[in-house]
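Reading the structure
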Amino acid sequence: MEKESPKEKPIQGKGNGSNSDYKLYNYKLFYTPDDLGDISKYYREKLGDPGEFPFTRGPYRTMYKDKVWTMRQYAGFGTAKETNERFKFLLKQGNTGLSVAFDLPTQMGYDSDEEVALPEVGKVGVAVDTVEDMLEIFDGIPIDKISVSFTINGTAPQIMALYLIVAKKRGIPFEKLIGTLQNDILKEIIARGTWIYPVEPSVKLACDVIEFCAKHVPKFNPISVCGYHIREAGATAYQEIAVAFEDAKVYVNEVLSRGLDPDSFIKRITFFFCTYHNLFEEVAKYRAARRLWANITKELGVKDEKNMAMKFAVACGGASLTRAEPLLNISRVTLGALATVLGGGQSIFTEAYDEAYSIPTEHSAKIALRIQQILAFETDIPEVADPLGGSFFIEKLTDEMEEKIKAEMKRIQDYGGMVKAIKDGFIQSIILSEAYKQQVLIEQGKKKIIGVNIFRENDDSAEQKFEIFRPREATEKAKRLQEFKSKRDMRKIQKLLDDISRAAEKGENIMPFLIEALENGATIGETTKALKKVYGEFREPIVI
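Before going into details, it helps to say that this report is about the structure given with it. Remember, predicted model here, so these are calculated numbers, not experimental data.

What follows deals with the packing of helix 13 (residues 392-415) against helix 15 (residues 426-443). Remark: helix 13 packs on helix 15, axes separated minimally by 11 Å, with the N-to-C direction vectors making an angle of 145°. Contact residues: Glu408, Arg411, Ile412 and Tyr415 in helix 13; Phe426, Ile427 and Ile430 in helix 15.

Structure follows, in structure tokens:
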């Protein structure tokens, strides 16, 4: 007689501080083999060993045993010189990768000397206008040996061009460069707001970079499709993956339409996700996503199974961090980092405890890095690939997560596809609706957050300690840029900018034209205007 499975009944919280009013899932009290069916068949069809299709258990057979994940702290503020100093500090502390944050004018294609840009110059990232700025950021940093990530989207082609120019000036072959360019403009239009051009030309530009890198910068990941900001804007875990995958398919299909072999570039399409501290949900999310992506790439024509393995980076914390009792954020970020490691991530950025209200100080940034180092070097977690694999609970949750992701993807497809859903504001409305639901739960006290709506203290201990870019420095940056511009041959610059516009009109790959213009002294703002002349600007739909 078969043993009866436990009833599908949520666990009831008890005592003060329980979370019984709010449940992410209707978990059973415990799980058994009956939840998975034929275990041997389940393992063959849905799991397999780590490093084997469908990669549920991880993209590599040995995972972290031979090499731990990349520890990549996000940094960048003020001037190129200040950012260079912070990078060198992080590398000295044991960082194994760099991630560059850019200020809003750079992200949106404005030069630092433009009136609209001046109040934001250097505030949330480093101000970059010219190749001189990029050379200073990476002065003394071995870019031929270290992985560099760029969190940039609307001006991703220009930033990639500038980085390639730096390599060229330092005599470093493009083939030696490793790193990642975010370059996912669709998530900007959906959830963040630093768009520039309309949807179709924005996708075209992103794919220009993918095509160029596939041919000339083979070890560099030319796009990191970003679920992170989708999640931060309010989406659920499964919506985060679903939207990111539908975005990715838009880019893949565009590049395929140019005649590229899918095996030549899909292996370099990576993802960037958000890990909160609901540990089991996050582990299941990543395992389900890997399995689903492997099957998606197979359907898209990938032949080599190694190229079907999904690789991803994460940031831990984000909107889950609180200004109230900020030191508690260390625990939240630690749980997120642990979930990412157990879920098999390739690169981790751990947010600093003060990031809810300030640019991190050197002290808080170092603590954030130390969280990862403790996991990597003081525990035995890296010794085993997919240590939670085989748990009846985790496997069932992984299956449920995969079905939810697939259902959400179908919802987008049934609407008419991602591009139409974005242009109509359909995706935006889904995320806003979910964000509203979550905020209501918090304000009603049903979703409990320590220090915010439960165990709350009146003392607000958060103080902004890091002084962000000051107006005087912003003005000085603008003056330096104007001096730089005054020394150029403007007839030559204008010709190069006109070449960019003509290339855009003809539908040519824009990268060679950007490289030539920026190498000869054009600015990010000027090249952006040259493209706007052809493409125009995106107009946000009204979301009701």
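With 16 residues, helix 12 (residues 362-377) extends 22 Å from end C-alpha to end C-alpha; this agrees with the ideal 22 Å at 1.5 Å per step. Three or more residues of helix 12 are buried, namely Ser364, Ala365, Ala368, Leu369, Ile371, Gln372, Gln373, Leu375 and Ala376. Residues of helix 12 that are buried in the fold lie against strand 1 (70-75), helix 2 (80-92), helix 11 (328-343) and strand 9 (347-350).

On to the environment of Gly525, then. On the secondary structure map, Gly525 appears in helix 19 (residues 524-535). Gly525 gets classed as buried once you look at its relative accessible area, which sits at 1%. Each residue touching Gly525, except ones within four places of it in the same chain, is listed here: Gly109, Tyr110, Asp111 and Glu114.

On to the pairing of strand 9. Neither face of strand 9 is left uncovered, since the one carrying Ser347 and Phe349 and the one carrying Ile348 and Thr350 both have all their residues buried. Here 4 bridges tie strand 8 (residues 312-316) to strand 9, and the two strands are oriented parallel to one another. Among the inter-strand pairings, Val314 is bridged to a residue of strand 9, identified as Ile348. Between strand 8 and its parallel partner strand 9, the chain crosses via helix 11, and the hand of that crossover is right-handed.

Within this structure, the stated rule accounts for 40 salt bridges. Of the charged contacts in the structure, one is a salt bridge between Asp386 and Arg57, with a shortest N-O distance of 2.6 Å. Remark: Arg57 occurs in the loop between helix 1 (39-47) and strand 1 and Asp386 occurs in the loop between helix 12 and helix 13; sequence separation between them is 329 residues. Arg57 shares its class with Asp386; the two are buried. Taking the shortest distance from any N to any O, the salt bridge between Arg287 and Asp386 comes out at 3.0 Å. Of the two residues, Arg287 sits in helix 10 (residues 279-299) while Asp386 sits in the loop between helix 12 and helix 13, which places them 99 residues apart along the sequence.

Definitions and limits used
Residues numbered from 1 in each chain as written. Predicted model: local features only at pLDDT ≥ 70, side-chain atom pairs only at ≥ 80, totals over all residues. Heavy atoms only, no water. Axes fitted to C-alpha atoms, helices over the stretch in contact; angles between N-to-C directions. Helix = DSSP H or I, 4+ residues; strand = E, 2+ residues; numbered from the N terminus. Contact = heavy atoms within 4.5 Å. Expected span 1.5 Å × (residues − 1). Buried < 20%, exposed > 50% of the residue type's maximum accessible area, 1.4 Å probe, protein only. Pairing = 2+ DSSP bridges. Right-handed = clockwise from strand over helix to strand, strands pointing away. Salt bridge = Lys/Arg side-chain N within 4 Å of Asp/Glu carboxyl O.

None of this, on its own, says anything about what the molecule does.
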